[in-house]
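Observations on the model geometry
Take a look at the letters that make up each chain.
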Amino acid sequence: MDKSSTSSDDAQPVDTNGIATNSSSDANIAEVANTLDTTIENNSADTREQNSNSISDLQQWQALSAWSIVSNIFSTLKNILSNGFAIVPIAYTGWQQGFDMQWGILASSVLLLLVTIFAIIEWRKFRFRLHNHQLEVKRGLIFIKKDEIPLSRIQNIRYEQPFYFKPLSLGTLVIETAGSKKDEAHLAALDTLQAQTLKRLLLNLSHTKATSTDELPNVNSQQNVDNTQPIVRKSLADLVLFGFYQNNFIWFAVIAGPIAGQIDWDKIFDSPLAQQFWLWVQQQTHQNIGLQTIMVIVGLFAIYSLFSLISIVAAILKYHPYQLDKHDETLQRSGGVISHQQDALAIKRIQLIQVQQPAIARLFNRWTLYFKQVKGHEVEQKTKQHMLVPSVKSAEIASLLASIPNISGGASALPSSYKPIHINWLTKRIVLPLFVAIVLTIVGYSGHHSHEFFEFTWFATTMMMLAIYIRYKQWGYVLADKVIWQHSGFFGQQWKRVAFDKVQHVKITQTKGQKHAQLAYVEIGLASGSVIFPYIPISVAQQIVAQSLNATVHNNHNWI
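Residues numbered from 1 in each chain as written. Predicted model: local features only at pLDDT ≥ 70, side-chain atom pairs only at ≥ 80, totals over all residues. Heavy atoms only, no water.

1. Regarding the packing of helix H11 (residues 272-285) against helix H12 (residues 289-319)
What counts is decided by this rule: Only the contacting stretch of a helix is used when fitting its axis, a line to C-alpha atoms as for every element, and angles between N-to-C directions run 0 to 180 degrees. Numbering goes from the N terminus for both helices and strands, where a helix is a DSSP run of H or I of at least four residues and a strand is a run of E of at least two. Orientation categories follow fixed angle ranges, with anything under 35 degrees roughly parallel, anything over 145 roughly antiparallel, 65 to 115 roughly perpendicular, and all other angles oblique. Definitions for this section: a left-handed crossing has its near helix turned counterclockwise from the far helix by less than a right angle. A right-handed crossing has that turn clockwise. Any pair of residues with heavy atoms lying within 4.5 Å of one another is described as a contacting pair. Side-chain classes follow a simple rule in which Ala, Val, Leu, Ile, Met, Phe, Trp, Tyr, Cys and Pro form the nonpolar group, Asp, Glu, Lys and Arg form the charged group, and the remainder, Gly included, forms the polar group.
Packing of H11 against H12 leaves a shortest axis separation of 9 Å and a crossing angle of 130°. As summarised for this structure, H11 and H12 are arranged oblique, according to the angle between their axes. The handedness of the crossing between H11 and H12 comes out as right-handed. When H11 is examined against H12, the residues Trp280, Val281 and Thr285 are found in contact with a partner set consisting of Leu291, Gln292 and Met295. Looking at the contact of H11 with H12 residue by residue, the classes come out as 4 nonpolar, 2 polar and no charged.

Now the structure itself:
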């Protein structure tokens, strides 16, 4: 029985002026629905008209907003500061010896004035447009420079929204192309709608064969709205873990080293607080060297964790909330707390997949996955940073690659083991230090050297041989149908996944000893750089050549 009819039959009349009968209620609902439909149609028509006007405007020469002056000033100052780490020890030493603050303020003011003047000139003389299936950019005051960027050469499109642009609904598009070693176009302070419209147009047109911008697609069509597929989402806890194991403590030590040299450590160690702390350590460990060693290790780990706070905060500010989506034939990564950033990378531009696991990350079974592109054209070119997926578990890698169906080499799980390179690599290198130790031992025995001489000689030789063995154990490979994996690393490790249809050349080198042992030194050339396989069987090298040629014969469109 129909539920609505039952409710109507059982309803009792209610004496109130605030509730209408069922028939009048149905009429009111229909009227409201018609009104909403009309409003939605009008809004959709207004939106389409607004976007159509925006697309039409992009075909004419466009100037940047005056707010781009602010962006240019911040960008220039950031470059100056980011490249000024080398002067930190000099500035610290000058401050210790009595730095004249007036000269410092004057120099800073002159620098800021010059940067501002150049930023204003850049804004006044910068123009861009979409014309004849290419992005045209011209700039310059005395010498006019015009760049014509074919849309088919676009490698990355990055949308950035610094904190000072968020209240103004402005953003910056950074466009990078294959064949250029710097940002090809940097369109600052664009309106958010205009920036997103231009970004979608560039992404769509770079995959079409249109010959004129008169054929610009409708960027707000239902097809373009619904074809975004989520791939990866990372929580705040994942980013905290990523910042912890991806700690750049070594770089901090390099910068802080010269400053630490200016500190009077003897005075600090002789202070009452330091003496009291050392007395407490001795009481707790009871002069036990083992316990003292454990305490030192715990202390170093605490210091590492303290400095990890810097990288943890940086990871959260840069990547949270981390989202990686597939839109048409591109990967789009977005995130950032203070400065929101959106990166777009064409899937066909991915040359190599690298999976990296630092030593500390092995404790948590986490990896960092990189989509490597043409060398010199990383998603973040200035920092040489490729598009990455942080804090990935081993079991998640196969499903992640499977969600990108058009990626070269297809989906494949991370190998659990690998074939080591031939032991001849080890024996050839371990002979030299062993021979030197034997000669020194004979000489020392003839010269009646002390017992400590022999101990030091063989201790140094053992350490050197151990280092060579560790280097030998880091190398390995796994050969599959469509890809070959290269393994490297001992404490920390990494895998490089090479798809055969991305191989541009294979170089095989053999010494006389390698020929006799049927071994070879193989270099696989990609647009992202070379991948080396030392001391592998010649049969494997020939198989790599055969599979690479077979892949490129059937599909050579993946080459850059």
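2. Focus: the environment of Tyr319
How we decide: Exposure categories follow from relative accessible area, calculated using a 1.4 Å probe and restricted to protein chains: below 20% of the type maximum is buried, above 50% is exposed, and the middle band is partly exposed.
Examined against the element boundaries, Tyr319 turns out to sit in helix H12. According to the relative accessible area criterion, Tyr319 is buried, its value standing at 5%. Remark: the alpha-carbon pair of Tyr319 and Arg333, spanning 14 residues in sequence, is separated by 9.1 Å. Contacts of Tyr319, omitting those with residues within four sequence positions, involve Leu239, Phe242, Arg333, Ser334, Gly335, Gly336 and Leu388.

3. Concerning the sheet that holds strand E12 (residues 352-357)
Rule in force here: Criterion used throughout: strands pair if DSSP finds at least two bridges between them.
On the basis of which strands lie adjacent, the open sheet formed by 7 strands has the order E14-E13-E12-E18-E17-E16-E15 and antiparallel pairing. The strands lining the two open edges of the sheet, one partner per strand, are strand E14 (387-393) and strand E15 (419-420). Taken together, the 5 bridges between strand E13 (residues 366-372) and E14 define a ladder with antiparallel strand orientation. Looking across to E14, one finds that Phe371 is bridged to Met387. Taken strand by strand, helix H8 (residues 236-245) contacts E13 and E14, and its axis lies near 100° from that of E14.

4. Observations concerning a nonpolar patch on the surface
Note the following rule: To count toward a patch, a residue needs a relative accessible area above 30% and no salt bridge. Like charges then connect within 9 Å, nonpolar side chains (Val, Leu, Ile, Met, Phe, Trp, Tyr) within 5 Å. Computed by Shrake-Rupley with a 1.4 Å probe, the accessible areas treat only the displayed protein chains as cover when residues are assessed. Salt bridge, as applied in this entry: a Lys or Arg side-chain nitrogen positioned within 4 Å of an Asp or Glu carboxyl oxygen.
Together, Trp103, Leu106, Val110, Leu113, Leu114, Ile117, Phe118, Ile121, Leu141, Ile142 and Phe143 give the surface a local cluster of nonpolar side chains, amounting to about 1200 Å² of exposed area. Within the secondary structure layout, Phe118 lies in helix H5 (residues 101-124). Residue Phe118 is classed as exposed on the basis of its relative accessible area of 58%.

5. Side note on the side chain of Glu523
You can see Glu523 is positioned in strand E20 (residues 519-526). For Glu523, the contacting residues outside a window of four places in its chain are His505, Val506, Lys507, Ser530, Val531 and Ile532.

6. A short note on H8
Of all the 10 residues making up H8, 7 are buried; the element is thus mostly covered by neighbouring parts of the structure. Where the residues of H8 are buried, they touch strand E8 (228-234), H12, E13 and E14.

7. Notes on the sheet that holds strand E9 (residues 322-327)
Sheet strands pair via backbone hydrogen bonds, and the direction of the pair is either parallel or antiparallel. The 7 strands lie next to each other as E7-E6-E5-E11-E10-E9-E8, forming an open sheet whose pairing is antiparallel. At either end of the open sheet lies a strand with only one pairing partner, and these are strand E7 (185-191) and E8. On average, adjacent strands in this sheet sit at an angle of 15° to one another, irrespective of strand direction. Sheet topology note: the strand E5 (residues 154-161)/strand E6 (residues 170-177) ladder contains 6 bridges and is antiparallel. Bridge pairing in E6 links Arg158 to Val174. The sheet strands contacting H12 are E9 and strand E10 (330-335), and the helix crosses E10 at an angle near 120°.

8. Section: the pattern of salt bridges
Applying the stated criterion across every chain yields a total of 9 salt bridges. For Lys146, the salt bridge is made with Glu148, and the minimal N-O distance between the two is 3.7 Å. With relative accessibility at 44%, the residue Glu148 sits in the partly exposed group. Salt bridges sharing common partners tie together Arg129, Glu136, Lys146 and Glu148.

9. Some thoughts on the packing of aromatic side chains
Rules: Only rings of Phe, Tyr and Trp enter the pairing, Trp through its six-membered ring, and a pair is recorded when the two centres are within 6.5 Å. The plane angle decides the type: under 30 degrees is stacked, over 60 is edge-to-face, the rest tilted. Whether a charge sits over a ring comes down to the Lys NZ or Arg CZ being within 6 Å of the ring centre and within 35 degrees of the ring normal.
With the rule as written, the count across this model stands at 13 aromatic pairs. Between Trp425 and Tyr472 the ring centres are 6.3 Å apart and the planes differ by 20°, which places this aromatic pair in the stacked class. Taken together, the residues Trp425 in helix H14 (residues 424-446) and Tyr472 in helix H15 (residues 451-474) connect sequence positions 47 residues apart. Take Trp425 and Tyr472: they sit in the same class, and that class is buried. Following the ring pairs from residue to residue traces out a cluster consisting of Phe74, Phe163, Tyr164 and Phe165. For Arg124, the ring lying beneath its charged end belongs to Trp123, and the centroid distance is 5.5 Å. Against the face of Trp61 rests Lys138, its NZ or CZ located 4.5 Å from the ring centre.

10. Focus on the side chain of Asn72
Looking at where Asn72 falls in the secondary structure, it is placed in helix H3 (residues 68-82). If we ignore the near neighbours within four places in the chain, the residues touching Asn72 are Ala119, Glu122 and Trp123.

11. A short note on unusual backbone geometry
Backbone phi values are negative for most residues with the exception of glycine, while trans is the configuration of most peptide bonds. Between His320 and the following residue, Pro321, the backbone shows a cis peptide bond with an omega angle of -10°. Phi is positive for Asn365, close to 55°, though the residue is something other than glycine.

12. Some details on the packing of H14 against H15
If you want to describe how two helices pack, look at the angle between their axes and the distance between the axes. Between H14 and H15, the least distance of the axes is 10 Å, while the angle of their chain directions is 180°. By the angle between their directions, the pair H14 and H15 is classed as roughly antiparallel. Taken together, the residues of H15 that come into contact with H14 (itself represented by Trp425, Leu426, Arg429, Ile430, Pro433, Leu434, Ala437, Ile438, Leu440, Thr441, Gly444 and Tyr445) are Phe453, Phe454, Thr457, Trp458, Thr461, Met464, Met465, Ile468, Tyr469, Arg471 and Tyr472. Class assignment for the residues of the contact of H14 with H15 results in 17 nonpolar, 4 polar and 2 charged.

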